Amino acid sequence: MKKIESALISVFHKEKLDDIVKLLNQFGVKIYSTGGTQKFIQDLNVPVNAVEDLTGYPSILGGRVKTLHPKVFGGILTRRDEAQDTDQITEYDIPSIDLVIVDLYPFEDTVASGASEADIIEKIDIGGISLIRAAAKNFKDVAVLASREQYEDFKTLLQQNQGATTLADRKRLAAQAFDISSHYDTAIFNYFNADEAIALPRFKQSIREAKTLRYGENPHQQGHFYGDLSEMFDQLNGKELSYNNLVDIDAAVALMEEFDASVTAFAVLKHTNACGIATGSSSKDAYLRALAGDPVSAFGGVIVTNQTVDKDAAEELHKLFFEVLIAPDFSDDALEILKGKKKRILLKKKTNLPTEPLFKTLLNGVIGQDRDLSMETAADLKTVTKKEATQEEVQALLFANKIVKHTKSNTIVLVKDNQLCASGVGQTSRVDALKQAILKANHFGFDLKGAVMASDAFFPFPDCVEIAHEAGITAVIQPGGSIKDQASIDFCDNHDMAMVFTGVRHFKH
């Protein structure tokens, strides 16, 4: 146990600092400070010593240099059990500092505000980050607070220990300090590295918020989520989200964001793939049409919509066991119905997915790529057959293309009247994916005559369009790009089918 006898306090945010300052004064701690923090302490009627008086130098360069001085850093870094260190600080009249409290300039908030580059650069903390690192390095003798988020816990610690800290306390605080300083430096690097003219091929990410999940993909695996889910969702009901819930929610939200609010859409997903999706004249109608795509797979699935869930839709939804329902809002009577299942997870979506690049661990490193933000419109379609798709077929083809983009490759999607009839998912051949889709569509009673087909990649052979024709499909959308494209085009021409190319492949692995 080491009693705190002196402290250096220099913070940007002063909120909740007053209680700590008063406690330190109560325990007889000598306090050093600068600028606005010094005035804040004086206004509390607590004695405070100006760092300028300690160093013999005023704050200079517009406040850029305040604490960068041997009399400050010597007092922090001196090793109390090293005779040479204690002799030198005595020789140079350097007081030991046992506690450092710093709150860094708000660099990330300044960047997020859209401030000018000059303002952003001025919010790169130099003295503060140096004080944090020095104090954390010398944790054997010095305690450090690097963020206002630590104030409440430290206040409790001071009260319990009567103004003292243990070595374990100081080491824990040092770890927290390096967490904060490394996050700060990562944010600064990523700001500079966003400039393509000077960008370095480096991978640096820092997420300080973390949540321990019940388990990972399977019960024998540990799982964590790093991030702040409350930024995206308000959870209105249900149990804690699991690892698999989160993976499915991510897929569901990404799919539904392809549909704007001008149409009413519902989707049902299982293991990240849509087993049902449709638009409708109402939320209830859209949900029932989506459910019809595969009512068996829908059991225990994740459901998402782009509209407020009303009472009529809620009454139908309540009949199904599902894990998660995501919507931009819920009517009060719908919530009352849906909360009838205590474990059912209800999420109110507050914002769209970020557009930053994606990354994941792979082999002994990390792989990253831009998000697939491409979604083709009618203007992007190139008709390659003699027959042109009708207006209704074009609408269905675009609908199918949205689904195929978010379905595991190899995939084929069959659509009719803005309703998913079936999809072949994650097959090792596109022919198998098509056969799977046709089999499912027939099993659930869909008439594929007049339906359309979407493929995530080109057809190397005409076999898929041959099978599709036999099933009654009349129009096809695909990226094109095979050296044997003409074989599929010729078959369509000979069998009165329309085919359009998008020029964009949508693999999903």
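Residues numbered from 1 in each chain as written. Predicted model: local features only at pLDDT ≥ 70, side-chain atom pairs only at ≥ 80, totals over all residues. Heavy atoms only, no water.

### Here we look at unusual backbone geometry
So, point 1. For the bond running from Ser409 to Asn410, omega is -10°, close enough to zero to count as cis.
So, point 2. Of note, Asn410 is situated in the loop between α15 (391-405) and β19 (412-415).
So, point 3. Backbone geometry places Lys16, a non-glycine residue, at a positive phi of 70°.
So, point 4. As for its position among the elements, Lys16 is in the loop between β2 (6-11) and α1 (17-26).
So, point 5. In the Ramachandran plot, Thr272 falls in the positive-phi region, its phi being about 75° despite a non-glycine side chain. (Helix = DSSP H or I, 4+ residues; strand = E, 2+ residues; numbered from the N terminus.)

### A short note on a negative patch on the surface
So, point 1. A surface patch of negative charge is lined by Asp312, Glu315, Asp332, Asp333 and Glu336.
So, point 2. Mapped onto the negative patch, the elements with two or more residues apiece are α13 (311-317) and α14 (332-338).
So, point 3. The greatest single-element share of the negative patch, amounting to three residues, is contributed by α14.
So, point 4. Residue position: Asp312 is located in helix α13. (Patch = residues over 30% accessible without salt bridge, like charges linked within 9 Å, V, L, I, M, F, W, Y side chains within 5 Å. Areas by Shrake-Rupley, 256 points an atom, 1.4 Å probe, with all protein chains shown as cover. Salt bridge = Lys/Arg side-chain N within 4 Å of Asp/Glu carboxyl O. Lys, Arg positive; Asp, Glu negative; His and termini not counted. Charge placed at Lys NZ, Arg CZ, Asp CG, Glu CD.)

### Structural notes on the sheet that holds strand β5 (residues 99-103)
So, point 1. Across the sheet, which stays open at both edges, the five strands sit in the order β4-β3-β2-β5-β6 with parallel pairing between neighbours. Two strands close off the open sheet at either side, each with one partner strand: β4 (49-50) and β6 (143-145).
So, point 2. Sheet topology places β2 next to strand β3 (residues 30-33); four bridges connect them, and they run parallel. If you follow Ile9 over to β3, its bridge partner there is Ser33. (Pairing = 2+ DSSP bridges.)

Keep in mind these numbers describe shape, not what the thing actually does.
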